[in-house]
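Architecture and fold: a report
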Amino acid sequence: MIDYVMVVVGGVLLFVGAICDLLGALGMNRFPNFFVRLHAATVGTIGGAFYPLIGASLIAFGSEFLGFYKWFVGGCSLVSAFLILMLAPAGSHALARAAHKSKASEVTPKVVDHLEEDGGVS
Amino acid sequence: MKRELITALSLTATVLVVAYISTLGGGLGPLFSDTRPLAKVFLSTTLDPNKPMFTAMSPEGVTAIVWDYRGLDTLFETAVFYLAIIGAVAVYRDVSEKVVLKGGGVGLSKIVKLVTKLLIPMNIAIAISIALHGHLTPGGGFQAGAAMAVVPMILIVVFSRYFLLEVKISKGLALALRSIGLIGIAFTVFLPIIIALISGVNSYIMQNQVKFGAPFSFPAFFGDSLISGSLILYNLFELLAVTFGFSILFLLLSIEESLVKEQMGGEGSEH
């Protein structure tokens, strides 16, 4: 029973990941400036890579036919998911900070830019 | 519009073909279903104590082939790689690393630095485990070295070049450690001959297990764990050599361009 639940939840997470990837790809094409496109890219990495990896590990843990190897597959997926969760935000933060500091990208259309009002990146 | 359509269609076709091959590969015919005779020879001899003349005592066929069956080939491949690094060192020979901090060297923000600090111990552990498991699972010395070389590169990007100088990771240290790795490889190559000369039996260069007419053999087991004779030594020394070989390149390439021009430019050069 618990195995079946894990496989179903894993499948749902995979589906959510696919949708996040699609939305991220649409955003990369349609959004107007660098910073919101970066937002779309992180939707693609966290939503489109972290969720499916958790889902894959749940499916692996729930699959009895894999035998002993389900711990390898599931464990690798969990560790990769944790690393992506840790590294992707740091990477996009570094990109956004560098772009704002070097003024390589204009923030247009702009509603509000608190960082600029505070005097830019130190 | 037409071009985008072609791009989308070819991407879709690629994904479908790869998915088909990876899920139903056996249905594609002899290329994917048969094991070739040469492969059968290696698969049946890499870990078979009943064939002491042919075995490498390692369950990982690739490492057994690379460091045992065709070991000399790998040795000279390694030599080519290090000649390239020696070339880079020769080009930069006059450039001093002792640079003055001109308000630089602060690195990236606190967030990135913290994440990097968490990442680096994991990276080192992974690299060492790849090297120590090189004779059991896919991987080996070069792959482990490439994984380990990520550490100095990340340090240069995140903490800046000057941070590495502060913690005394310089080109000289990297060169020395790389040389220790290479000397270790050479030592392992000639170790069978030295031992055989002392004990009065025959042996070959780079010999691992017993061969015809040469009864010398590295121990295949250490206690209960399989160490595959010389393979674990080669993997460890290659890890050391490759790590610091790549580190030298990263250290040299990250020196400021204006500084290099200042020090290398001869008379009349404009900079």
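Residues numbered from 1 in each chain as written. Chains lettered and ligands numbered in written order. Predicted model: local features only at pLDDT ≥ 70, side-chain atom pairs only at ≥ 80, totals over all residues.

Turning next to the interface of chain A and chain B. With 6 residues of chain A in contact, the opposing surface of chain B contributes 6 residues. Its residues placed into classes, the side of chain A that touches chain B shows 4 nonpolar, 1 polar and 1 charged. (Contact = placed C-beta atoms within 7 Å. Nonpolar A, V, L, I, M, F, W, Y, C, P; charged D, E, K, R; others polar.)

All names here are of chain A. The geometry of helix α1 (residues 2–30) relative to helix α2 (residues 34–62) is characterised by a closest axis approach of 7 Å and an angle of 165 degrees between their N-to-C directions. Classed by the angle they form, the pair α1 and α2 counts as roughly antiparallel. Helix-helix and strand crossings are classified by hand; for α1 and α2 the assignment is left-handed. Grouping the amino acids of the contact of α1 with α2 by side-chain chemistry returns 21 nonpolar, 10 polar and 3 charged. (Axes fitted to C-alpha atoms, helices over the stretch in contact; angles between N-to-C directions. Helix = DSSP H or I, 4+ residues; strand = E, 2+ residues; numbered from the N terminus. Parallel < 35°, antiparallel > 145°, perpendicular 65-115°, else oblique. Left-handed = near helix turned anticlockwise from the far one by under 90°.)

Moving on to the confidence of the model for chain B. Here chain B shows a mean pLDDT of 85. Residues at 70 or above account for 91%. As a predicted assembly, this complex carries a pTM of 0.81 together with an ipTM value of 0.82. (pLDDT = per-residue confidence, 0-100.)

To continue, consider the packing of helix α6 (residues 110–132) of chain B against helix α8 (residues 150–159) of chain B. Residues and elements named next belong to chain B. Across the interface, α6 lies against α8 with an axial gap of 10 Å and an inter-helix angle of 170 degrees. As summarised for this structure, α6 and α8 are arranged roughly antiparallel, according to the angle between their axes. Note on element contacts: α8 touches α6 through Val150, Val151, Ile154, Val158 and Phe159, opposite Val112, Lys113, Thr116, Ile120, Asn123 and Ile124.

Residues and elements named next belong to chain B. Mapped onto the elements, Pro59 comes out in the loop between α3 (37–45) and α4 (61–69). The sequence separation of Pro59 and Asp48 amounts to 11 residues, and the corresponding C-alpha distance is 9.0 Å. Residues contacting Pro59, with those up to four places away along its chain left out, are Thr46, Leu47 and Leu136.

Let us now look at the nonpolar core. Residues and elements named next belong to chain B. Counting residues in hydrophobic clusters, the biggest one holds 36 residues, and the most contacted among them are Ala127, Ala144, Met148, Leu236, Phe237 and Leu239. Put simply, the parts of the chain that give this core at least two residues each are α4, α6, α7 (141–148), α8, α10 (171–199) and α11 (230–253). Looking at which element gives the most residues to this core, the answer is α11, with 15 residues. (Core = buried A, V, L, I, M, F, W, Y, C linked by C-beta atoms within 7 Å. Buried ≥ 20, exposed ≤ 12 C-beta atoms within 10 Å, placed from the backbone.)

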